[in-house]
Amino acid sequence: MIETCRTQPFSGQRPGTSGLRKPVKTFMQPHYLENFVQSVFDCVEDLAGATLVLGGDGRYHNREAIQTILRMAAGNRVSRVLLGRGGLLSTPAVSSIIRHRGATGGLILSASHNPGGPNGDFGIKYNSGNGGPATETLTEAIYTRSQEIDRYYIATTNHVDIDVLGDTHLEAMKITVLDPVADYSELMESLFDFERIRELFRSGFRMRFDAMHAVTGPYAHAILEDVLGAPEGTVIHGTPLADFGGGHPDPNLTHAAELVRQLNRPEGPDFGAASDGDGDRNMIIGHGCFVTPSDSLAIMAANATRIPAYREGLLGVARSMPTSRAVDRVAARLNIPCYETPTGWKFFGNLLDAGRITLCGEESFGTGSNHVREKDGLWAVLFWLNLLAVRGQSVAEIVAEHWQAYGRDVYTRHDYEDVDADAASRLMQDLRENLPGLVGQTVGGSHVTAADDFAYDDPIDGSRSEGQGLRLMLGDEARIVYRLSGTGTQGATLRVYIERLETRRSHLQADAQTQLADLIRFAGEVAGIAERTGRQSPDVIT
Ligand code: G16
């Protein structure tokens, strides 16, 4: 039976950089999840009779939310749901299933790299028929709907078994429980030279992949160990846990500290990688060598033709605005276009769909290509494995050669987390007003040559996105960017991105914090970070 439940709007259901993310406790309030899901359903065209993909990263509340969404999908006359077994699907796997099985769209349950458990975060986002995150136009429509909603539709059936592969029914709706890994693994095999990677492992090459007790565990065990023959033990923290083992599933130098320690030991492995809660982020490290996400994107672009899927060359590349300009230098040399978009994977979708770009990436540990419409953690790891196998060099050697050829965009990001939200927005507002006066000032020998509030005009659909981050451009190809994160759930997170091009060979390997010290100091002073936030230093440095 389908029931119509009366409800009232909740304030604050506006999707952020990537869907709606809130503390689990917020999502567990009666009607909270239902209101948002119904708002999505009310905005998706041709929902009745549609096929949807559904899965999440396995965090606390995932299984309960899946049951609710299944009953609501039946209540809204969806004809079929493709569901990952146990409610698990990585974000790139959802994107791939939507595309390859011709689904109308999909719902992903994840708060990405945010901690899980009863006191952690939960999240939900809708991906459209191209497999990519809903556009800003759609997320705004969903938000508007959530502010006027007064009813939702739900089947009264009790419980669906989500752990057994195969078909079941809920009212008239068919539910197909899929192996979460199979389709994705096949797609990866079609892109990379798996035989070459097998040879690499056979030759004694050692790797550690840290799944951080999140969704990529089953994918990494299956692909790296079972299919590619990496020795057992290559994948660490490979069992998804509802609270990620109490950890923070964010693949960076702070939160994947154990992996970093292993790679830095003299007898440590040759290659290390990690992924986040929902499997779309990646961190790449070599033996004693961390590859910044911006450099990783540039190195991938420069070497793409060595990888089977990209042998024909790249149509173009794109990066989010705060990502370093390392990839721009590669694009210039390859004579291909390079687009600069706001933060958020959704801004790459149109460029990928229109065939303007093949590779794209962000400083926030995200890289991807036109094979899906999400960033893809394991894809990036396989790309690097394939590259290491073909070049027969270490990660450090590949990075060093790249810097010698293109220069090094020395880069760092400083995050101030859980800052008072009003103080953070005043800081940004005042800085915005002061931008014109900063032009012409000199800092540590560099001149501020331009300053603006970044806005993006989408070349495909003509939409304009304003207020996407404050930029100070300096001489010597230096830059400082300030943004407020759109993914945090506590107070505000201020991100400051600092970079400068280094071309002197003797300085290429120097420590980034030391090399950028003058710019870091200037960035703090200009925005008054210490006085306004009460913080003397950032919480996370990457
Ligand atoms: C999301 C988005 C990314 C974005 C990142 C950080 O990633 O998909 O495009 O770069 O958030 O955004 P912000 O700087 O606003 O916090 P994920 O992995 O969290 O879904």
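Residues numbered from 1 in each chain as written. Predicted model: local features only at pLDDT ≥ 70, side-chain atom pairs only at ≥ 80, totals over all residues. Heavy atoms only, no water.

The chain is annotated in an unreviewed UniProt entry as phosphoglucomutase (alpha-D-glucose-1,6-bisphosphate-dependent) from Acidihalobacter aeolianus. The Catalytic activity (unreviewed entry) comment attached to the chain in UniProt states, word for word, "alpha-D-glucose 1-phosphate = alpha-D-glucose 6-phosphate". (UniProt positions renumbered as here; feature names shortened; annotations may be inferred.)

Chemist: Please explain the overall build of the chain as it appears in this structure.
Modeler: Within the chain, the secondary structure is distributed over 18 helices and 27 strands. For 542 residues, the compact-globule estimate of 2.2 N^0.38 gives 24 Å, and the C-alpha radius of gyration of the chain, at 23 Å, lies within 12% of that figure. Across its three principal axes, the chain shows a C-alpha extent of roughly 70 × 60 × 40 Å. Per-residue burial for the chain yields a buried fraction of 59% across its 542 residues. Looking at the chain alone, contacts between residues at least 24 apart form 72% of all its contacts between residues at least 6 apart. (Helix = DSSP H or I, 4+ residues; strand = E, 2+ residues; numbered from the N terminus. Rg over C-alpha atoms; globule rule 2.2 N^0.38 Å. Buried < 20%, exposed > 50% of the residue type's maximum accessible area, 1.4 Å probe, protein only. Contact = heavy atoms within 4.5 Å.)

Chemist: What is the right way to look at empty space enclosed by the protein in this model?
Modeler: Think of a ball as big as a water molecule: rolled over the atoms, this probe shows where empty space is left. In this structure the tally under the stated criterion is five cavities of 30 Å³ or more. Taken as a whole, the largest cavity encloses approximately 240 Å³ of empty space. Taken together, 23 residues form the lining of the largest cavity, with T17, R281, S364, K375 and T487 sitting closest to its centre. Taken together, the residues of the lining of the largest cavity break down into two nonpolar, nine polar and 12 charged. Roughly 110 Å³ of volume is contained in the second largest cavity. What lines the second largest cavity is a set of 14 residues, among which G19, K125, Y126, A134 and T139 lie closest to the centre. Partitioning the lining of the second largest cavity into residue classes produces seven nonpolar, five polar and two charged. (1 Å grid on protein atoms, 1.4 Å probe; cavity = no way out; pocket = protein on both sides within 12 Å on 5 of 7 lines; lining within 4 Å. Points joined across faces, edges and corners; volume = space filled by probe spheres on them. Nonpolar A, V, L, I, M, F, W, Y, C, P; charged D, E, K, R; others polar.)

Chemist: Just to check I follow, could you spell out the site of the ligand for this structure?
Modeler: Around the ligand there are 19 residues in total, and E362, S485, G486, T487 and R495 lie nearest to it. At 2.5 Å, a side-chain N or O of E362 approaches an oxygen atom of the ligand. Between the ligand and G486, the relevant distance is 2.7 Å, taken from an oxygen atom to a main-chain nitrogen or oxygen of the residue. The cavity that encloses the ligand is the largest cavity. When the residues that make up the shell around the ligand are grouped by side-chain class, the tally is one nonpolar, 10 polar and eight charged. (Near = heavy atom within 4 Å. Polar contact = N/O pair within 3.5 Å; in protein donor to acceptor, adjacent residues only side chain to side chain. Sits in = over half its atoms within 2 Å of the grid points.)

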